[in-house]
Amino acid sequence: MLNTKTILLVILSLFITACGQKSTLSGDPIAGEALFGQVTIDSAPGCASCHSTEVDKVLVGPSLAGVANRAGERVPDQTAEEYLQNSILEPNLYVVDGFSSGLMYQKYKDILKDEQVRDLVAYLSTLK
Ligand code: HEC
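Residues numbered from 1 in each chain as written. Predicted model: local features only at pLDDT ≥ 70, side-chain atom pairs only at ≥ 80, totals over all residues. Heavy atoms only, no water.

The secondary structure content of the chain amounts to 6 helices and 2 strands. Its helices and strands in sequence order give the chain the pattern α-α-β-β-α-α-α-α, from N to C terminus. Looking at the chain residue by residue over its 128 residues, the buried ones come to 28%. Look at the contacts in the chain between residues 6 or more apart in sequence, and 49% of them connect residues 24 or more apart. (Helix = DSSP H or I, 4+ residues; strand = E, 2+ residues; numbered from the N terminus. Buried < 20%, exposed > 50% of the residue type's maximum accessible area, 1.4 Å probe, protein only. Contact = heavy atoms within 4.5 Å.)

Written out as structure tokens, the structure reads:
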């Protein structure tokens, strides 16, 4: 007969497997970098038209050099990944000091596929 401990272990291992599967859904940084560098993404402007990845180089938006290091501290209770995803999909939730809200292109959530957002977040996470 199965005792409680065994059942708990089975549940735990299922849980760990599920988490493992989730991480295989995470994005591809190489694809993300390519997307970031595109001049346009469908009808939207490309990220690199407003963002440099060189330190302190401000185009229309802030330099994204080192953004992976800042991302986790921007908004309480948001992980770095959540913050980066929100920055793309809901840019006005947090507006970087010294920049105006509404300046970042607002409609990526209508344009980017989930996979493209994951790829971009994976790429931004490499900018340390
Ligand atoms: C039209 C110009 C423009 C485009 C295009 C643009 N951004 Fe932005 N972005 C901004 C501006 C301005 C800010 C700062 C204001 C704010 O936080 O909304 C910003 C902020 C950000 C931030 C927050 C940076 C930080 O230090 O916290 C991230 C991340 C970001 N953008 C990623 C992207 C990505 C990825 C794309 C392409 C999918 C993109 N942006 C396209 C202008 C732009």
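There's more to say after this.
Mapped onto the secondary structure, Thr 53 falls in the loop between strand 2 (44-45) and helix 3 (67-74). The partly exposed category is assigned to Thr 53, whose relative accessible area is 36%. Distance from Thr 53 to Leu 127, taken between C-alpha atoms, is 7.9 Å for residues 74 residues apart in sequence. Setting aside chain neighbours within four positions, we find Thr 53 in contact with Phe 36, Ser 63, Leu 64, Ala 65, Tyr 123 and Leu 127.

Evaluation of the coordinates by the stated rule reveals 3 aromatic pairs. Taking the centre distance of 5.5 Å and the plane angle of 85 degrees together, the rings of Tyr 83 and Tyr 94 count as edge-to-face. With Tyr 83 in helix 4 (residues 80-89) and Tyr 94 in the loop between helix 4 and helix 5 (108-111), this residue pair connects regions lying 11 residues apart in the sequence. Assessed through its relative accessible area of 27%, Tyr 94 is described here as partly exposed. (Phe/Tyr/Trp six-rings, centres within 6.5 Å; stacked < 30°, edge-to-face > 60°.)

At a minimum axis distance of 7 Å, the contact between helix 2 (residues 29-37) and helix 6 (residues 114-124) shows a crossing angle of 95 degrees. Of the possible angle classes, the one that applies to helix 2 and helix 6 is roughly perpendicular. Every residue of helix 6 that contacts helix 2 at Pro 29, Ala 31, Gly 32, Glu 33, Leu 35 and Phe 36 is listed here: Gln 116, Asp 119, Leu 120, Ala 122, Tyr 123 and Leu 124. Split into classes, the residues belonging to the contact of helix 2 with helix 6 amount to 8 nonpolar, 2 polar and 2 charged. (Axes fitted to C-alpha atoms, helices over the stretch in contact; angles between N-to-C directions. Parallel < 35°, antiparallel > 145°, perpendicular 65-115°, else oblique. Nonpolar A, V, L, I, M, F, W, Y, C, P; charged D, E, K, R; others polar.)

Another point: a nonpolar patch on the surface. Residues Leu 59, Val 60 and Leu 103 make up a contiguous nonpolar surface patch of about 240 Å² in total accessible area. Its location among the elements puts Leu 59 in the loop between strand 2 and helix 3. (Patch = residues over 30% accessible without salt bridge, like charges linked within 9 Å, V, L, I, M, F, W, Y side chains within 5 Å. Areas by Shrake-Rupley, 256 points an atom, 1.4 Å probe, with all protein chains shown as cover. Salt bridge = Lys/Arg side-chain N within 4 Å of Asp/Glu carboxyl O.)

With respect to spatial proximity, 26 residues lie near the ligand, and among them Cys 47, Cys 50, His 51, Tyr 83 and Met 104 are the closest. Taking Arg 74, its side chain carries an N or O atom lying 2.7 Å from an oxygen atom of the ligand. Here an oxygen atom of the ligand sits 3.3 Å away from a polar atom, N or O, in the main chain of Tyr 94. Only helix 3 and helix 4 provide two or more residues apiece to the shell around the ligand. Per-element accounting of the shell around the ligand gives the leading share, 4 residues, to helix 4. Across the shell around the ligand, the residue classes tally to 20 nonpolar, 4 polar and 2 charged. (Near = heavy atom within 4 Å. Polar contact = N/O pair within 3.5 Å; in protein donor to acceptor, adjacent residues only side chain to side chain.)

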